[in-house]
Amino acid sequence: MGCLKKKKTLSFLLIFGSICARGTLSQEADPARQRKPFFERLRRLEEQFQRFQQVTLTHLQDIANNYNVHYNVDARFQSLVEESQALALAVNQSQAAIQEDVAHLKASLRKSQRRSRKVDAKLQALNLSLSTKSRQWVEEEREQQAQREATASLALSIRALQDALANLTQQVYSQDARLATLEGQMQRAPPGTEALGLTTAPTPAQLAQRGPGSLQLGRNSQASRLSLQHRSSPQDFTVHVQKTQEFQAPSSHQAALPRTHQGPERICSSGPVLTFPNASSENVIFLSPGFLVPLRALSFCSWVRTASSHLGTLLSYATKDNDNKLVLHGRDSLVPGSIHFVIGDPVFRELSLHPLLDGQWHHICIIWTSTEGKYWLHIDRRIVATGSRFREGYEIPPGGSLVLGQEQDTMGGGFDSSEAFVGSISGLAIWDRALVPREVANLATGKEPPAGAILTLTNASSVGGFVQRAKCTCLEQCPAATHG
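Taking an unreviewed UniProt entry as the reference, the chain is identified by name as Pentraxin 4 belonging to Peromyscus maniculatus bairdii.

(A) Representation of the packing of aromatic side chains in the model. For the coordinates displayed, the defined rule picks out six aromatic pairs. Their ring planes at 75 degrees and their centres at 5.5 Å tell us that Phe-276 and Phe-421 sit as a pair that is edge-to-face. Of the two residues, Phe-276 sits in strand S1 (residues 273–276) while Phe-421 sits in the loop between strand S11 (401–404) and strand S12 (423–431), which places them 145 residues apart along the sequence. For the pair Phe-276 and Phe-421, one class covers both residues: buried. Where Phe-286 meets Phe-415, the ring centres are 6.5 Å apart and the plane angle is 55 degrees; that geometry is what we call tilted. Here the residue Phe-286 occupies a position in strand S2 (residues 284–287), and Phe-415 occupies one in the loop between S11 and S12, the gap between them amounting to 129 residues. Since its relative accessible area comes to 23%, Phe-286 is described here as partly exposed. A residue is classified by how much of its surface remains accessible, and Phe-415, at 23% relative accessible area, is partly exposed.

(B) Seen up close, the environment of Glu-372. With respect to the secondary-structure elements, Glu-372 resides in the loop between strand S8 (362–369) and strand S9 (374–379). Using a relative accessible area of 13% as the deciding quantity, one classes Glu-372 as buried. When the C-alpha positions of Glu-372 and Asn-167 are compared, they lie 9.7 Å apart, and in sequence the two are 205 residues distant. In this structure Glu-372 touches Asp-163, Ala-166, Asn-167, Ser-388, Arg-389, Phe-390 and Glu-392, once residues within four positions along its chain are discounted.

(C) Representation of a nonpolar patch on the surface. Taken together, Val-119, Leu-123, Leu-126, Leu-130 and Trp-137 make up a surface patch of nonpolar side chains, about 500 Å² in accessible area. Within the element layout of this structure, Leu-130 appears in helix H2 (residues 38–188). Residue class for Leu-130 comes out partly exposed when judged on its relative accessible area of 43%.

Analysis parameters
- Residues numbered from 1 in each chain as written.
- Predicted model: local features only at pLDDT ≥ 70, side-chain atom pairs only at ≥ 80, totals over all residues.
- Heavy atoms only, no water.
- Phe/Tyr/Trp six-rings, centres within 6.5 Å; stacked < 30°, edge-to-face > 60°.
- Helix = DSSP H or I, 4+ residues; strand = E, 2+ residues; numbered from the N terminus.
- Buried < 20%, exposed > 50% of the residue type's maximum accessible area, 1.4 Å probe, protein only.
- Contact = heavy atoms within 4.5 Å.
- Patch = residues over 30% accessible without salt bridge, like charges linked within 9 Å, V, L, I, M, F, W, Y side chains within 5 Å.
- Areas by Shrake-Rupley, 256 points an atom, 1.4 Å probe, with all protein chains shown as cover.
- Salt bridge = Lys/Arg side-chain N within 4 Å of Asp/Glu carboxyl O.

Rendered as structure tokens:
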């Protein structure tokens, strides 16, 4: 509508201008109006026309400007309409999406509420169960505390029993040494002299003739022999100790009375004989497996025949953290016949095995227990050395390397020819307990060995160097090694 009005106004002005121009021209042509000065009137008309033309141009410019403004406003209005429609569509879509989301949220909320109720129920049940468990735990803790107290009391009782057993064992060893001494005196007695019933029990009449003292000694000797023969019974073992308390035990590190060696009494079926012919660092035997569990007691027994002026190394057990966990070794620089009994370097005891240097077969047993650190050395059935407080309470750890004939400076190696064993061994066995004297005597006389040996020569997994293996019917028939 605004554009049509502007067009009409412009047409009116053009028509009005043309009419005025015609009137002016007609007046100029009229001769009657030539009475006014012609040029004066023409000048005024011209000024009027210029003013009109200027006003017209100004008005036309205003119309044109207003037209452009109105045209831009229409375009913008149309754009705004389109944008508002798009916005309305987007708002509708957003509302639909929001409504859908709200519906989902409501459904999720209902599910969450149901789950929350279930969780609350479970929590209540769990709380009830925890309360019950808590009461049970308190009761169990009380029971465990009572068990710990009972265990502590039991440990004290066990310790007392171990001490009593150690004392009983020491007394048994002492009585066995005493009996061995009496047997030696009986064997050295001149013909016709009777030996107080140690080998053959005298009659009561004979004991009565010797006097009350002989009768009592004969009874004690018979009781001692019966208890030694039936040592598997704890009651007989206790009775034996009680009946032989009049014998006094030897002091620590005190050697028993010497006895002339008579050699093996035809020891046969002792197993293979392994001979180390010379002092070579390559002569070694590996025993596998080694110690599988910690050892709190140990018995090492073997028949040994040496062919050197010193004993060398019989056994060496090394672990990663200590290459001398268990060693029986002698160097050529030590006193001849002496050997170091090492448990957990640097702690050791020096033992004398001088009788082994005569080139004959001898049976040795070295026994140790962590209870009071007691140890015993048996040579040919008799105790030649004993002691205590040697690695008391110690455990020999498992997982190491165990070799015969060489001393290890590193686990499984580092051998030295000056520490090598030269000679022969047979019937070697190791137990994880302390053998009693009767078991040692059975070994030394070729009887059935004690059960439960954890290692023997059958566990030899590797035999190196010039070590020779032989099977002899009896030990005295095996050829001796020559020192080279």
